[in-house]
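# Structural characterization, general
Given next are the chains, with one letter for each unit.
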Amino acid sequence: MNLIEVRKLNYSYPTKKNTLKNISFEVEEGSITCIVGENGSGKSTLIKCILGLIKGYTGEISKDTTIGYLPQKSAIQSSFPATIEEVVLSGTISRNVRSIFYKKDDKEVANEIMKKLRIYDIRKKSFSDLSGGQQQRVLIARSLCASKKLIILDEPTNGLDPSIAIQIYKLLSDLRKKEGLTVLMVSHDIERALKYADKVIEIKNGQISYEGQPSEYKLGGEKNV
Amino acid sequence: MFSTVVEMMSHVFIQRAILVGILVSLCAALLGVSLVLKRYSMIGDGLSHVGFGIMTVSSAIGVATPLYIAIPGVTVCAILLLKIGNSKKIKSDSSIALISSTALAIGVAVTSVTTGMNTDICNFMFGSILAMSKSDVMISVIVSIIVAILFIIYYRKLFAVTFDEEFAKASGLKSNRYTSLIAVLTALIIVVGMRMMGVMLISSIIIFPALTSMRVFKSFKSVVISSGAVSVISFLVGIYLAYIYNISTGATIVLVNLMLFILFSIIEKIIHE
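In this convention, every chain numbers its residues from 1, walking through the sequence in written order. Starting at A for chains and at 1 for ligands, labels are handed out in the order in which the entities are written. The predicted origin of the model limits local features to residues at a pLDDT of at least 70 and limits the giving and counting of side-chain atom pairs to 80 or more, whereas totals for whole chains, interfaces and linings rest on all residues.

### What about the overall build of chain B?
Rule in force here: Labels follow the DSSP assignment, with helices taken as runs of H or I lasting at least four residues and strands as runs of E lasting at least two, numbered in each case from the N terminus. Neighbour density around each residue's C-beta defines its exposure: 20 or more other C-beta atoms within 10 Å make it buried, 12 or fewer make it exposed, and counts between make it partly exposed, where C-beta atoms are placed from the backbone. The contact criterion used here is simple: two residues whose C-beta atoms, placed from the backbone, lie within 7 Å are in contact.
Along the backbone of chain B there are 13 helices and zero strands. Ordered by position in the sequence, the α and β elements of chain B form the string α-α-α-α-α-α-α-α-α-α-α-α-α. Seen along its three principal axes, the alpha-carbon backbone of chain B occupies a region of about 50 × 45 × 30 Å. The burial tally for chain B puts 48% of its 273 residues in the buried class. Relative to all contacts within chain B whose residues are 6 or more apart in sequence, the contacts with residues 24 or more apart total 75%.

Quick look at the structure:
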């Protein structure tokens, strides 16, 4: 079963024509799909179209579930006064947008996810005091509060040490195996993406230049379309 | 000290100032946390200049309660500031400088050709607790209560939008709407607070309490609560010292805020060591 289906997607920024050209692919339930490609190739634009953050595209995007999202890190967060618990709990906001306060079940969902990701015991700690890897773990927990089924991550290992990046990939792989989580992620880190992904999609100049098994993807060489 | 406080409270104008001051300080501090974190600290300064321009023009044309004109005027400018700041052609700090200096220039020019730089204008610039009429107090109390209620209602959404706008948008929040809400509420507090604090000093009660609280507290909730407390304490200590030593109230409140900032910075150092 496919959780996301993208058909003949085209999008142009006002200043850049043909940012995305005729993109079609699907994301299967319980899989890890990695979108790779150079800077400016249109990877982040593609996931923003899927998330509904960008309007005005042509083509069709169908989603079978709610989506949890982990955007690229913003500069504000590094010194932001917030506890791990406050950050994770904010992920439940899409469940009860109209409610003034967090409901009991919001807190239960957040607690359950924090326990699974082994951050429950440090939930009162300040987010800004955590290491880069721990911060990403917290932000993954937040996106899981929005959806336990499907999360989209934009460069989750950016700026992390290779050993920490491996831990993030392992965490996502574990969540896929144990919880049946579906992951769609944008990554620069092609080497690790090939190791952990079930499917790789390469975007070049706004078009898909490769879609398929990681084992068949040729690094830096000829690509199969 | 107790007898001085009793003597202070026997004056009606001080009773009014304390009522308005507590509410305005509290609301300014609550909004200040989001503004400082979103790097919009200078919006308070810009809007106070706009408020000055509108108040002086209103006074010059003989409006009995300039607040009636200033509240909608500054609110419109707050939205305009965000719109210009979001455009790619002019950055947000430039748009604040552009609008605030223009409004200040209009205010000074109108004053020059009408009443001249009299005591009233000095009160606008540096604040005066004597300047508040009964109707000013009424408007200030109503506006402050509305601001406080809206802040509580939208607290968790304001947190989500301030911490991560992209995530908030993807979660279905209209983040631009909440950013506009912060700007509009700030505009309201600036207008009702500038009579007492003065155009030149009002932005400090938005920025100082948040920055002070962030020295020591590390959760959003505790920073918000501490900011409110720091702001109200600074106001009460400030107005007491201003009364005893006959100094400008606005300036004294800012200096008390500075003292608390230094104190909290020392506490932060001690905690880290």
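Now that the structure has been shown, we can carry on.
### Some words on the confidence of the model for chain A
Definition in use: Per-residue confidence from the prediction method is given by pLDDT, with values spanning 0 to 100.
Looking at chain A, the pLDDT average stands at 89 and 97% of residues meet or exceed 70. Ranking the helices and strands of chain A by mean pLDDT puts helix 2 (residues 84-89) of chain A first, with 96, and helix 6 (residues 190-196) of chain A last, with 85.

### A word on the packing of helix 2 (residues 12-37) of chain B against helix 10 (residues 175-197) of chain B
Residue and element names in this part refer to chain B. Using the following cut-off: In this analysis, axes come from line fits to C-alpha atoms, helices being fitted only over the stretch in contact, and the angle between any two N-to-C directions falls in the range 0 to 180 degrees. Note on convention: the crossing is left-handed when the near helix lies turned anticlockwise from the far helix by less than a right angle, right-handed when the turn is clockwise. Gly is placed with the polar residues, together with every amino acid not listed as nonpolar (Ala, Val, Leu, Ile, Met, Phe, Trp, Tyr, Cys and Pro) or charged (Asp, Glu, Lys and Arg).
In contact at an axis separation of 9 Å, helix 2 and helix 10 are set at 145° when each is read in the N-to-C sense. Seen along the crossing, helix 2 lies across helix 10 with a hand that is left-handed. Of the residues in helix 10, those touching helix 2 at Ala17, Val20, Gly21, Val24, Cys27, Ala28, Leu31, Ser34 and Leu35 are Ile182, Leu185, Thr186, Ile189, Val192, Gly193 and Met196. Class assignment of the residues belonging to the contact of helix 2 with helix 10 gives a composition of 12 nonpolar, four polar and no charged.

### Some details on the packing of helix 4 (residues 132-146) of chain A against helix 5 (residues 162-179) of chain A
Residues and elements named next belong to chain A. Let me state the cut-off plainly: Here roughly perpendicular refers to angles of 65 to 115 degrees, roughly parallel to angles under 35, roughly antiparallel to angles over 145, and oblique to all remaining angles.
Their axes nearest at 9 Å, the elements helix 4 and helix 5 cross at an angle of 20°. Our classification of the angle between helix 4 and helix 5 gives roughly parallel. The interaxial crossing formed by helix 4 with helix 5 has right-handed handedness. When helix 4 is examined against helix 5, the residues Gly132, Gly133, Gln136, Arg137 and Ile140 are found in contact with a partner set consisting of Ile164, Gln167, Ile168 and Leu171. Taken together, the residues that form the contact of helix 4 with helix 5 break down as four nonpolar, four polar and one charged.

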